[in-house]
Amino acid sequence: MSRDIILAGIRRHLRRGPLPPDQAAMLSARLAEHPRHIIPKRVQLSRPELVSLFVRNLEKEFGSVARLAELAAVPQAVAEYLAAQNLPNELVIAPHPDLRQIPWASHPLLKLREGRAEPSDLVSLSSAFAGIAETGTLMFPSAPERPTTLNLLVEAAIVLLRTSRLVGPYEDAWDLLRAEGTRYNSSGFMPRNVMLITGPSRSADIEQTLELGAHGPRRLHVLLLEDDPTAKG
Amino acid sequence: MPPSRPRVALFVTCLVDLFRPTVGFAAIRLLEAAGCQVEVPRAQTCCGQPAYNSGDRESARELALGILESFAGYDYVVAPSGSCAGMLKVHLPTLFEQDPNLRPRAEALADRVYELVSFLTDVMELKTVPGRFQGTVTYHDSCSGLRELKIKAQPRALLAQIPGLTLQELAEPELCCGFGGTFCVKYPEISTRMVADKVKDIRETGASLVLAGDLGCLLNIAGRLKREASPVTARHVAEVLAGMDGQVPPIGESRDG
Amino acid sequence: MLVTSPAFKENASHALADAALQKALARARTHFQRRRADAAAGLPEFEDLRARAREIKDHTLAHLDFYLERYAENVERAGGFVHWCRTAEDARAAILEICERAGARTVTKGKSMLTEEIGLNEHLERHGITPVETDLGEYILQLRDEPPSHIIAPAYHLNLDDWEKSFREHHTGLPPERAFHERRDILTEARKVLRERFLAADVGITGANFLIAETGSSVIVTNEGNGDLTQTLPHVHIALASIEKVVPTLEDAFCLLRLLARSATGQDFSVYTTFSTGPRRPGDLDGPEEYHVVLLDNGRSAMLGGEFQPMLRCIRCAACMNHCPVYGAVGGHAYGWVYPGPMGAVLTPSLVGVDQAGHLPNASTFCGRCEAVCPMQIPLPQMMRHWREREFERHLTPATVRTGLGLWAYVARRPTLYRWATRAAAATLGWLGRKRGRFASLPFAGGWTGGRDLPAPEGETFFARYAKTQRQGKA
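Residues numbered from 1 in each chain as written. Chains lettered and ligands numbered in written order. Predicted model: local features only at pLDDT ≥ 70, side-chain atom pairs only at ≥ 80, totals over all residues.

A. Focus on the overall build of chain C. For chain C, the helix and strand inventory stands at 23 helices and twelve strands. In terms of overall dimensions, chain C has C-alpha extents of about 100 × 60 × 45 Å along its principal axes. Within chain C, buried positions represent 60% of all 475 residues. Of all intrachain contacts in chain C linking residues separated by at least 6 positions in sequence, the fraction that spans at least 24 positions is 74%. (Helix = DSSP H or I, 4+ residues; strand = E, 2+ residues; numbered from the N terminus. Buried ≥ 20, exposed ≤ 12 C-beta atoms within 10 Å, placed from the backbone. Contact = placed C-beta atoms within 7 Å.)

In structure tokens, the structure reads:
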């Protein structure tokens, strides 16, 4: 069997047999403990500073941000963004409990559909699992309430992120997923897909000159819901 | 702290011996100005890089054995070349990795080896130099000196001690000149392209003289400058620091100019 | 892919004479160098991360069997399939079989150098399956029937007018007034055409930047989003990865990821960093129904435990080639196979044989810039030197070089003879060159004097003059 031949070849070149049980146990312990390495000092900040760092980094990568005081402000923010970007009043929304609480009645002109994205969809609204201030990155573990296509097929992706879900380094976001992720998956915390998204899609393949909107969204707009009192500047 | 008057063996280098003896005398003058007692071991030839970099470890090792012999017992071994010093300091011990007897000797030698300019500043803490110069120069950092021995600030610090000398930096001082030992004759077209780029950068600084710490780079750069009929001249940095630039025409120039 | 590495010199000669290529190379080189320098300077921990990243990879490689087994177990636990393949042929066969079982007619592809290494596209085409490259750079190369010239920027060698020309030629059925003068137009057109391909594909094939043993995940890093569309939309996702891509944990991966984009494109982080773990889960509204990992050795295991093992730390960021003056002069195609630049000069002889790729480790000045920027601290010049040693041992070094070296070494080992020989040479050359101070040509020195003069020696060797001064001093 190829598997055994490859493994035997590796051991032969490493000049040893299979690992003795004590060594294997040490490696298993390393996997179980998954120790952290060097965390950049730039994320050792107060919560309000973390929010600023996140916004700064996201904007540096051509994302845009609107800060909202309450969930009820979402419809107005969405409508304003669509108007400003000259986008149609139609959006596909992730079937996420957070998004279901949004009082859309105030904006009857917005046409909403819940589900995964279809090729005809131009705008999506989804809910990020976490935001990572270190590089202005959004984390999207796939789940029934967080379809992956919403991040990919549309022209403009609008994302709701709560400041209470904002962390400094990537490792903190993974710790959140390690703690909360098992509800998706009996075999471990990892869902089928985890996307870390930092700004809109782009390519620099033509003469190393950046163009936004290669295959994924041309625009990424974050609605930052300031639900964490300690994160207010 | 170095001994008050350290015994220093000069590793002349084969290119200085053959092409530019003045560099060796400039090195002696600078070392003596810094308070060293300089000796030149007779039995030296070459650091062995041509063999080492061509994959001929055996020849490199045999040459290295001679070097271990000739350069034993000095406080320091100093070479007016980042490339040769790098060979002795960084690479020579690897030739004796499997040899428990010679490895400690190779490592002991490596510990005492320095490139000339960095030795003057870092070990001897030389603050003033005999050289006098009026005009604008530029400086090419040789790759071995820069990356193997971390020589960057040292030549600039000493050149700054010469009143009247202005240093105009290259746009890309860390780019290789294309010499590369045997590379320049094995891949002459690529090498020519690289040195042409380097010379373009040199000419654009407006300096009348380019300095460097390695004769290999300098022969390459001067050769290209002359091929392009450029008025820019080239010298080893030690010639200027030692005030010996009046004794010999620039590299590739005749006495009649 | 045909190996043209033995013709490196001729390839290089053509490249140096190609004005359009030279224009593209000059532009790209300064771009990548500046971006990487800024990104590294922007993270104070960059150097510490390099040292740690190296430790992580060394640790993983020393226990590669263990981590691969754990990785495979976790893929299977998540409902994925692992296909262990020893050779390129095995991998091609495994991928073809999955595609055929899925009844695939077209497959979309994310950018993967490993699929180039195994010649996957040709193989699929031969069996009636159409592969569609979706990375913008790879897409135009597929139109032009050219291999990539760079491992992260495949179209590094092209200028805007090349893009315009290829799009005009291949995107027919467009209104003739349709303009491709602007990058924007080209991108919009490619987006439109490829979107249809994404939706129609039966299988999506990606590479993997990392495999995570802890979770059984494959990781891809892209800016365009093409890799994500490739692995999300079709029914079947195949990730092709070589065995050295595995790292133990997510934390280990993030140490490397903090270095990858900064070293590659000079971004702090790529736009899409995506972890795939098995197929679609119950209740999921999208994602592939089948998830396969084709885990390929193809010569990697034989590099373990030897002098080329550090090369297996490589994370394919391309910083080495972006900073290589030889790559900058001749571009990627001259190297004659999949992997160009310094990393290719080390890896290619390992994978196709040093008899074929012998030029590559020789075509270096050992300037050391590749090692200085390598995020994984791979001693690339030292490993190129190891290849030269292998060539020397196996008598692959050209006979003239061998003879010259032998003669030189014989003399250099005998200081008295050496003194005599150098004194004669310096005197002769010094006398011949006394008028001009240099030579425009010299017998047996055409390599040197083809592009530059040879400065004449002063005329007297150092040792001759030194002996004189010593005698005078004593007198």
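B. Quick peek at the overall build of chain A. Looking only at helices and strands, one finds six helices and twelve strands in chain A. Dimensions of chain A, computed from the C-alpha atoms along their principal axes, are close to 70 × 45 × 40 Å. When burial is assessed residue by residue, chain A has 42% of its 233 residues classed as buried. The long-range share in chain A, meaning contacts at least 24 apart out of those at least 6 apart in sequence, stands at 74%.

C. Main features of the interface of chain C and chain B. On the chain B side, the residues contacting the 53 residues of chain C number 59 residues. For the side of chain C that touches chain B, the elements supplying multiple residues, two or more each, are helix H1 (8-17), helix H14 (325-330), helix H19 (380-393), helix H20 (399-412), helix H21 (415-432), helix H22 (446-449), strand E12 (454-455) and helix H23 (462-474) of chain C. In terms of residue class, the side of chain C that touches chain B is made up of 27 nonpolar, twelve polar and 14 charged. (Nonpolar A, V, L, I, M, F, W, Y, C, P; charged D, E, K, R; others polar.)

D. Region of interest: the interface of chain C and chain A. Between chain C and chain A, the residue contacts involve 80 residues of the former and 64 residues of the latter. Broken down by element, the residue count for the side of chain C that touches chain A peaks at eight residues, all from helix H10 (residues 183-200) of chain C. Both strand E9 (residues 193-197) of chain A and strand E9 (residues 272-276) of chain C contribute to a ladder of five bridges, which runs antiparallel. In the sheet register, A:Asn193 faces E9(C), and the bridge partner there is C:Ser276. (Pairing = 2+ DSSP bridges.)

E. Expanded view of the arrangement of the chains. There are two pairs of chains in contact here; the most contacts are made by chains A and C. In this structure chain A stays clear of chain B, and the shortest span between their C-alpha atoms is 19 Å.

F. Layout of the sheet that holds strand E1 (residues 81-85) of chain C. All names here are of chain C. Judged by pairing direction, the sheet is parallel, and its six strands sit side by side in the order E1-E10-E7-E4-E2-E3 without closing on themselves. Only two strands of the sheet have a single partner each, and these edge strands are E1 and strand E3 (130-133). The sheet shows a mean angle of 20 degrees between the axes of neighbouring strands, direction not considered. Pairing analysis gives five bridges linking E1 to strand E10 (residues 290-296), with the strands arranged parallel. Bridge pairing in E10 places Val 82 opposite Val 293. (Axes fitted to C-alpha atoms, helices over the stretch in contact; angles between N-to-C directions.)

G. Broad picture of the packing of helix H3 (residues 46-62) of chain C against helix H12 (residues 250-264) of chain C. All names here are of chain C. In contact at an axis separation of 9 Å, H3 and H12 are set at 135 degrees when each is read in the N-to-C sense. Classified by the interaxial angle, the pair formed by H3 and H12 is oblique. Every pair of crossing elements has a handedness; the one defined by H3 and H12 is left-handed. Here Leu 49, Arg 50, Arg 52, Ala 53 and Ile 56 of H3 lie close against H12, whose contacting residues are Asp 252, Cys 255, Leu 256, Arg 258 and Leu 259. Its residues assigned to classes, the contact of H3 with H12 shows six nonpolar, no polar and four charged. (Parallel < 35°, antiparallel > 145°, perpendicular 65-115°, else oblique. Left-handed = near helix turned anticlockwise from the far one by under 90°.)

H. How the structure looks around the sheet that holds strand E8 (residues 233-236) of chain B. Residue and element names in this part refer to chain B. The strand order E6-E5-E7-E8 describes an open sheet built from four strands, whose pairing is parallel. Sheet topology places strand E6 (165-167) and E8 at the edges, where each strand pairs with a single neighbour. Taking each pair of neighbouring strands and ignoring which way they run, the sheet shows an average axis angle of 35 degrees. Taken together, the three bridges between strand E5 (residues 135-140) and E6 define a ladder with parallel strand orientation. For Val 137, the partnering residue across the bridge sits in E6 and is Leu 167. The sheet contacts of helix H12 (residues 215-227) involve E5, strand E7 (209-212) and E8, and relative to E8 the element is tilted by about 170 degrees.

I. Seen up close, the pairing of E9(C). Of all five residues in E9(C), five are buried, a share of seventy percent or more. By the alternation rule, side chains of E9(C) split into C:Tyr272, C:Thr274 and C:Ser276 and C:Thr273 and C:Phe275, which are all buried.

J. Geometry of the domain arrangement of chain C. Domain assignment breaks chain C into domain 1 (43-302) and domain 2 (407-474). For domain 1 of chain C and domain 2 of chain C, the distance between their C-alpha centroids amounts to 57 Å. (Domains from an automatic or database assignment.)

K. Molecular detail of the domain arrangement of chain A. Per the domain assignment, the segments making up chain A are domain 1 (1-35) and domain 2 (45-231). When each unit is reduced to the centre of its C-alpha atoms, the spacing between domain 1 of chain A and domain 2 of chain A is 40 Å.

L. A look at the packing of helix H1 (residues 2-13) of chain A against helix H4 (residues 64-77) of chain C. Where H1(A) meets H4(C), the axes come as close as 9 Å, and the angle between the chain directions of the two elements is 155 degrees. Put simply, H1(A) runs roughly antiparallel to H4(C). Where H1(A) approaches H4(C), its residues A:Leu7, A:Ile10 and A:Arg11 are matched on the opposing element by C:Leu64, C:Asp65 and C:Leu68. Of the residues belonging to the contact of H1(A) with H4(C), the class tally is four nonpolar, no polar and two charged.

M. A look at the pairing of E8(B). The alternating pattern of E8(B) places B:Thr233 and B:Arg235 on one face and B:Ala234 and B:His236 on the opposite face, and all of these are buried. Of the crossover connections in this fold, the one passing from E7(B) over H12(B) to the parallel E8(B) is right-handed. (Right-handed = clockwise from strand over helix to strand, strands pointing away.)

N. Spotlight on H12(C). Residues and elements named next belong to chain C. Relative to the 21 Å expected for 15 residues at 1.5 Å per residue, H12 spans 20 Å between its end C-alpha atoms, a close match to the ideal helical length. If you look at H12, its biggest bend is around 25 degrees, right at Leu 256. Taken across its 15 residues, H12 has 15 buried, putting it largely inside the fold. Trailing H12 by a residue or two, Gly 266 shows a phi angle of about 80 degrees, which is positive. (Expected span 1.5 Å × (residues − 1). Bend = angle between axes of the 7 residues up to and from the residue.)

O. Quick peek at unusual backbone geometry. Its identity is not glycine, yet A:Phe62 carries a phi of approximately 75 degrees, on the positive side. Tracing the chain through its elements places A:Phe62 in the loop between helix H3 (47-60) and strand E1 (64-68).

P. Spotlight on the environment of B:His236. Residues and elements named next belong to chain B. Within the secondary structure, His 236 is located in strand E8. The buried category is assigned to His 236, around which 31 C-beta atoms lie within 10 Å. Separated by 167 residues in sequence, His 236 and Glu 69 have C-alpha atoms that sit 29 Å apart. Once residues lying within four places of it in the same chain are set aside, the contact partners of His 236 are Arg 20, Val 23, Pro 80, Ala 212, Gly 213, Leu 215 and Leu 218.

Q. The arrangement of the nonpolar core in detail. Ranked by internal contacts, the top residues of the largest apolar core, which has 294 residues, are B:Leu30, B:Val78, B:Leu88 and C:Leu256. For this core, the leading source of residues is H12(C), giving ten residues. Residues within four places of B:Leu88 in sequence aside, it is in contact with B:Phe11, B:Cys47, B:Ile67, B:Val77, B:Leu109, B:Ala110 and B:Val113. (Core = buried A, V, L, I, M, F, W, Y, C linked by C-beta atoms within 7 Å.)

R. Layout of the confidence of the model for chain C. Mean pLDDT over chain C works out to 95, with 99% of the residues at or above the 70 mark. Across the interface, the model reports ipTM at 0.97; the global pTM reads 0.96. (pLDDT = per-residue confidence, 0-100.)

S. Molecular detail of helix H5 (residues 82-91) of chain B. Burial analysis of H5(B) places nine of its ten residues in the buried class, the great majority of the element. All of the buried residues in H5(B) are B:Gly82, B:Ser83, B:Cys84, B:Ala85, B:Gly86, B:Met87, B:Leu88, B:Lys89 and B:His91.

T. Local environment of the environment of A:Trp104. Relative to the helices and strands, A:Trp104 resides in the loop between helix H5 (97-100) and strand E3 (111-114). The residues touching A:Trp104, leaving out its near neighbours within four places in the chain, are A:Pro75, A:Leu110 and A:Leu112.

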